[in-house]
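Chains, contacts and geometry: an overview
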Amino acid sequence: METAYTHCTLCPRACGVDRTAGARGFCGADDTMYVARAALHPWEEPPISGTRGSGTVFFAHCTLGCVFCQNRSISRRGADSGKAVTPERLAEICMELQARGAHNINLVTASHYAPSVARALRLARAEGLCIPVVYNTGGFETVETLRLLDGLVDVYLPDFKYYSSYYAGLYSAAPDYPDFAREAIGEMVRQTGAPVFDADGLLVRGTVIRHLMLPGLAGDTAQVLRCIAEQWGDRVLVSLMRQYTPFEMDAHPELDRRITDAEYAEAVEQFSTLGLSGFLQDGESISESFIPAFDGEGV
Ligand code: SF4
């Protein structure tokens, strides 16, 4: 039994619940790890997906409450979704994905299970896992929890969703998100150092910060980009994403549209002016907004 689950402070919400006794905090998870899908995924940034795909493991539940979540069928479901897995089984899943040709293991939204994930990664490494481990997160993290992963994660892939506490509260139920995300990304960059690519152009180490543009928040995007440039400069890569797709936005009609070409072009110009490097999306990739079926495949 992982002691971190008995008074849970694994994420900034610090609910303090005893998950080993079946209690659930904001994220909705008890101490049993649930995985919704494990499969080769072709739609990450090119140096992560490569030609054969990223070995992606989607975890159920989430510490954020984004009103626009594309994965809500697993993130906000009240009951557990997917399949229960032990750390031993998760280690096996990693080995199976490696055997299928995955360029890396890509753990999506795993922080509420961080102690179990760390154990699984140690087991997998001992069994011969030799591809990079990517930690794919919404960015709402504590430094303490990230330190459980120090030496086990090669590439961090955090979101930096908002600069403004107001928007973070309004759209993700986390007004303290910006402060925690900045500290968390600082810790990630400390752990990984600057980006390193292998001979095939695949990312084997580093931190890639994702920012998904939201309708009407161009000013917030500008502040996020400026903050990244000032704090981490060329020690990080930045993925500026325009693939936001509205879905059931009755409660937030201001979000019920896509990002326009003009909005994206303005952000791209700022990206360039600030000297950032990383990944941009062309118009066609909007249609690649990809929601996999969370069908328990590979679990
Ligand atoms: S991981 Fe879940 S239970 Fe733990 S502090 Fe965060 S939201 Fe609360």
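Everything below is about the structure shown above.
To keep things clear, this report deals only with the structure shown in the data block. (Residues numbered from 1 in each chain as written. Predicted model: local features only at pLDDT ≥ 70, side-chain atom pairs only at ≥ 80, totals over all residues. Heavy atoms only, no water.)

So, on to the pattern of salt bridges. When the charged atoms of two side chains with opposite charge come close together, those side chains can pair. A full pass over the atoms with the stated rule returns 15 salt bridges. In this structure, Glu88 and Arg119 form a salt bridge, with 2.9 Å as the shortest nitrogen-oxygen distance. Here Glu88, found in helix 3 (residues 87–99), pairs with Arg119, found in helix 4 (residues 114–127); they are 31 residues apart in sequence, far enough to count as distant. A salt bridge links Arg182 to Asp179, with the nearest nitrogen and oxygen atoms 2.7 Å apart. Placement of the pair is Arg182 and Asp179 together in helix 7 (residues 177–192), with a separation of 3 residues, close to one helical turn. With relative accessibility at 21%, the residue Arg182 sits in the partly exposed group. Given the relative accessible area of 48%, Asp179 is considered partly exposed. What emerges from the salt-bridge pattern is a single network uniting Arg147, Asp150, Glu187 and Arg190. (Salt bridge = Lys/Arg side-chain N within 4 Å of Asp/Glu carboxyl O. Helix = DSSP H or I, 4+ residues; strand = E, 2+ residues; numbered from the N terminus. Buried < 20%, exposed > 50% of the residue type's maximum accessible area, 1.4 Å probe, protein only.)

Before going further, it helps to spend a moment on the site of the ligand. Lining the immediate environment of the ligand, one finds Cys8, Cys11, Ala14, Cys15, Val17, Arg19, Gly25, Phe26, Cys27 and His112. Taking a 2 Å distance to the grid points as the criterion, the majority of the atoms of the ligand fall inside the largest cavity. (Near = heavy atom within 4 Å. 1 Å grid on protein atoms, 1.4 Å probe; cavity = no way out; pocket = protein on both sides within 12 Å on 5 of 7 lines; lining within 4 Å. Sits in = over half its atoms within 2 Å of the grid points.)

It is at 10 Å that the axes of helix 8 (residues 218–231) and helix 9 (residues 261–273) come closest, and there the two elements cross at 15°. In terms of axis orientation, helix 8 runs roughly parallel to helix 9. The two elements helix 8 and helix 9 meet at a crossing, and its hand is right-handed. On the side of helix 8, the interface is formed by Thr221, Ala222, Leu225 and Arg226, while helix 9 contributes Ala267, Gln270 and Phe271. Of the residues that constitute the contact of helix 8 with helix 9, the class distribution is 4 nonpolar, 2 polar and 1 charged. (Axes fitted to C-alpha atoms, helices over the stretch in contact; angles between N-to-C directions. Parallel < 35°, antiparallel > 145°, perpendicular 65-115°, else oblique. Left-handed = near helix turned anticlockwise from the far one by under 90°. Contact = heavy atoms within 4.5 Å. Nonpolar A, V, L, I, M, F, W, Y, C, P; charged D, E, K, R; others polar.)

Looking at the secondary structure, you find Arg100 in the loop between helix 3 and strand 4 (105–108). Between the alpha carbons of Arg100 and Ala39 there is a distance of 9.3 Å; along the sequence they are 61 residues apart. With residues near it in sequence (within four places) discarded, Arg100 still touches Ala38, Ala39, Leu40 and Glu297.

With 7 of 10 residues buried, strand 8 (residues 203–212) lies mostly within the body of the structure. When strand 7 (residues 196–197) meets strand 8, the two strands line up antiparallel, connected through 2 bridges. Bridge pairing in strand 8 links Phe197 to Leu203. Taking the residues that link successive antiparallel strands as the turn, the strand 7-strand 8 hairpin has 5 residues, and the phi of Gly201 there is positive, at about 85°. By the bridge criterion, 5 bridges tie strand 8 to strand 9 (residues 237–241) in an arrangement that is parallel. Bridge pairing links Leu212 to Met241 in strand 9. (Pairing = 2+ DSSP bridges.)

Turning next to the packing of aromatic side chains. A full pass over the atoms with the stated rule returns 8 aromatic pairs. Each ring, one from Phe140 and one from Phe180, has its centre 6.1 Å from the other, and the planes form 85°; the classification is edge-to-face. Separated by 40 residues along the polypeptide, Phe140 in the loop between strand 5 (133–137) and helix 5 (143–147) and Phe180 in helix 7 bring together distant segments of the chain. By relative accessible area, which is 3% here, Phe140 ends up buried. Residue Phe180 is classed as partly exposed on the basis of its relative accessible area of 28%. Ring centres 6.1 Å apart and planes at 10° place the aromatic pair Tyr167 and Tyr171 in the stacked group. Linking Tyr167 with Tyr171, this pair stays in helix 6 (residues 165–172), spanning 4 residues, or about one helical turn. Taking NZ or CZ as reference, Arg13 lies 3.6 Å from the ring centre of Phe26, over its face. (Phe/Tyr/Trp six-rings, centres within 6.5 Å; stacked < 30°, edge-to-face > 60°. Lys NZ or Arg CZ within 6 Å of the ring centre and 35° of its normal.)

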